[in-house]
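Fold and geometry: a report
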2 protein chains.
Amino acid sequence: MIGYGTRLAGLVAERGPLCVGIDPHPSVLGQWGLPVEARGLETCARTMVDALADLVPVMKPQSAFFEMHGSAGIAVLERVLADLRAAGALSLLDVKRGDIGSTMHAYAAAYLADGAPLAADAITISPYLGFGSLAPALDLAAQTGRGVYVLALTSNPEGSQVQHARAASGRLVAEEIVAAAAAANAGQTHGHVGLVVGATIGRTGVRLDQVHGSLLAPGIGAQGGGASGLAEVFGDALDYVLPAASREVMRAGPDPVRLRGQAERILGQMRSMLPVR
Amino acid sequence: MIGYGTRLAGLVAERGPLCVGIDPHPSVLGQWGLPVEARGLETCARTMVDALADLVPVMKPQSAFFEMHGSAGIAVLERVLADLRAAGALSLLDVKRGDIGSTMHAYAAAYLADGAPLAADAITISPYLGFGSLAPALDLAAQTGRGVYVLALTSNPEGSQVQHARAASGRLVAEEIVAAAAAANAGQTHGHVGLVVGATIGRTGVRLDQVHGSLLAPGIGAQGGGASGLAEVFGDALDYVLPAASREVMRAGPDPVRLRGQAERILGQMRSMLPVR
């Protein structure tokens, strides 16, 4: 079985480094002339997949915008994940789950088990309960050829309260997460444990080149990240960066031709900014 | 409008201090002789509600065990939340969501907005992205008479990596969360911002009496918490403690009479251990 990191690296080499978010926010549905209900959600999300899933390596549905619509929204999410599988893009489901024990096992089973209705190629997870509490997700991802992205260093101003706190080891909390991800990926070139690292956090001194896993970097375009920012944040790990753009793409919709044009433009920028691995 | 904290305090005064978890883990479904699929999930969860929602003040469905079953599981969760509303117990939906900006707004809208398919009386939220990132949930909860429980200090051994790290203020991360919750509840006797605090964490020095919000304490029974442990952890805040028990109750099922007997027994223990507010 080929692991997530390797599958991702192959598709990025082929298509370029870009993850396009599927964030069907009510305001986007409005802009697209769609009703703010499950059928509008479905048209929006599946239009994104139809327009882009053969172009970019990864698409990232944001679960919150589906959960808003209850079980009808989650049924749409199931279909979006199936569409992505069929169209050949990897699915990175942004759920930021985190719990302990049997509950963490259940989250892993919900999103990373073969045959689960909401199985994705990778999910985001959140380590407030400690990196070790996430082990059921890391383990199941390794077994099923899937991946996880652990929240590490984010660009929102409130994040430093927790992420820049100093752990008992003397390292920052974010450094603890980075080191634990590196340990989990040990021996792999493209490991199954990725990190979420804001593209606009500036220079932090955190060494990301040790991770050997995908570094999801939201903050391109709409959030103000750019080429020089990426180099400052990621240093020698630039070839592991998976930039994420969502609103910057979606605002070109609903016309599939314009969506595709916008994604191609950003993909071109990213190709010029990031080394090909 | 009466806020969540006040509504909860009223029901606890009437019924006693106990939150019963609805954790339809596959192994519980097995023990109850139910199929591990959405209809087994539904029988299990709704049996819990039928047996207990007129006895205890709060019931806490664990979202992960519903998400495992995809949209069919979420449809069951919608019905469980509606059952709880109809039966007069408060619903505390354990989802541990946490995100930023418009995504956090969407999570708030999903679980704390009037009329949302998955609206609960309260939810759990997770502050890895900083307490301030959770503001959309706190604000909407205040507006709609609902509540939030922010993860603060948990009893799992991995939790201290993040929760005991020292923030820039010189306080522990967990103390930052406690202080921020206290500030959000300022001026209220029973605020809308609760905390999740493990019942088995021992003495930490963190002052919980300043919070004036509900303190959800998992770890009764199955996780090993007891009366002396509660006093050690909560000190002068004992009258804000909402002990949570799940497996210890569910293992008495599926017979509703035995479920009710078990919950009454634990409720009696809790009444004797905790001051009546």
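Presented here is a report on the structure given in the accompanying data block. In this text the structure is predicted, and so the values were computed from the model without any measurement. (Residues numbered from 1 in each chain as written. Chains lettered and ligands numbered in written order. Predicted model: local features only at pLDDT ≥ 70, side-chain atom pairs only at ≥ 80, totals over all residues. Heavy atoms only, no water.)

Let's talk about the overall build of chain A
We count it as follows: Going along the chain from the N terminus, every DSSP run of H or I of four or more residues is numbered as a helix, and every run of E of two or more is numbered as a strand. Only the C-alpha atoms count toward the radius of gyration. The rule for a globule is 2.2 Å times the residue count to the power 0.38. Any residue under 20% of the maximum accessible area for its type is buried, any over 50% is exposed, and the rest in between are partly exposed; the area is computed with a 1.4 Å probe on protein chains only. We call two residues in contact when some of their heavy atoms are within 4.5 Å. Note on areas: these come from Shrake-Rupley sampling with a 1.4 Å probe, and a residue is covered only by the protein chains present in the view. Counted as positive: Lys and Arg. Counted as negative: Asp and Glu. His and the chain ends are not counted at all. Charged groups are reduced to one reference atom each: NZ for lysine, CZ for arginine, CG for aspartic acid, CD for glutamic acid.
A tally of helices and strands in chain A yields twelve helices and eight strands. The C-alpha atoms of chain A give 18 Å as radius of gyration, which agrees with the globular expectation for 277 residues (19 Å, within 12%). Over its C-alpha atoms, taken along the principal directions, chain A stretches across nearly 50 × 45 × 40 Å. Counting all 277 residues of chain A, 64% fall into the buried class. Taking as baseline every contact in chain A between residues at least 6 positions apart, the subset at least 24 positions apart corresponds to 72%. A total of about 9,200 Å² of accessible surface is found on chain A, and carbon and sulfur atoms cover 51% of it. One finds the centroid of the 21 positive side-chain charges in chain A at a distance of 3 Å from the centroid of its 24 negative side-chain charges.

Considerations on the interface of chain B and chain A
In plain terms, the rule: Throughout, the accessible surface (probe 1.4 Å) given up by two parts as they are put together, summed over both, is called the buried area. Definition used for salt bridges: Asp or Glu carboxyl oxygen within 4 Å of a side-chain nitrogen of Lys or Arg. Each polar contact in these results corresponds to two N or O atoms within 3.5 Å; when the atoms are within protein, one needs to be able to donate a hydrogen and the other to accept it, and residues that are neighboring in sequence are counted only if both atoms are side-chain atoms. Here the term charged refers only to Asp, Glu, Lys and Arg, the term nonpolar to Ala, Val, Leu, Ile, Met, Phe, Trp, Tyr, Cys and Pro, and the term polar to all other amino acids, Gly among them.
Listed by partner, the interface residues are 54 residues for chain B and 54 residues for chain A. Buried area between chain B and chain A, summed over both chains or domains, comes out near 4,200 Å², and the portion from carbon and sulfur atoms is 58%. Sorting the residues of chain B by area buried against chain A places Y128, L129 and Q161 of chain B first, and these three jointly supply 18% of that buried surface. If you look at where chain B meets chain A, you find four salt bridges. Across the salt bridge formed by K96 of chain B and D99 of chain A, the nearest N and O atoms sit 2.8 Å from each other. Across the chain B-chain A interface, the total number found is 23 residue pairs in polar contact (both at pLDDT 80 or more). Where the side of chain B that touches chain A is concerned, the elements lending two or more residues are α4 (63-67), α5 (70-87), β3 (90-97), α6 (101-112), β5 (147-153), α8 (160-163) and α9 (173-184) of chain B. By residue number, the principal contributor to the side of chain B that touches chain A is α6 of chain B, which donates seven residues. Classifying every residue of the side of chain B that touches chain A by side-chain character gives 26 nonpolar, 18 polar and ten charged.

Brief notes about the nonpolar core
Threshold: For our purposes a nonpolar core is just a set of buried Ala, Val, Leu, Ile, Met, Phe, Trp, Tyr and Cys residues, chained together by side-chain atoms within 4.5 Å.
Counting 214 residues, the largest nonpolar core has L195 of chain A together with L195 of chain B as its most contacted members. Not counting residues up to four positions away in its chain, the partners in contact with L195 of chain A are Y149, V150, A152, I177, V178, A181, L208, V211, S214, L215 and L216 of chain A.

Notes on the relation of the copies chain B and chain A
Applicable threshold: The copies are overlaid by a least-squares fit using only the C-alpha atoms of residues whose pLDDT is at least 70 in both copies.
It takes a turn of 180° to lay chain B on chain A, together with a shift of 0.0 Å along the axis; the resulting RMSD is 0.0 Å. What the superposition gives is, in effect, a two-fold axis relating one chain to the other.

So, the sheet that holds strand β8 (residues 241-245) of chain B
In a beta sheet, neighbouring strands are held together by backbone hydrogen bonds and run either parallel or antiparallel to one another. Residues and elements named next belong to chain B. This is how it is decided: Paired strands, as defined in this entry, are two strands with at least two bridges between them according to DSSP. As a rule, the C-alpha atoms of each element are fitted with a line to give its axis, helices using only the stretch in contact, and angles between N-to-C directions run from 0 to 180 degrees.
As summarised here, the arrangement of the eight strands in space is β1-β2-β3-β4-β5-β6-β7-β8, forming a closed barrel in which the pairing is parallel. Put simply, the sheet's adjacent strands are angled 30° from each other on average, direction ignored. Lying over the sheet, helix α3 (residues 38-52) contacts β1 (19-22) and β2 (58-61), oriented at roughly 160° with respect to β1. Helix-sheet contacts for helix α7 (residues 135-144) involve β4 (122-125), β5 and β6 (193-197), and the interaxial angle to β5 is about 140°.

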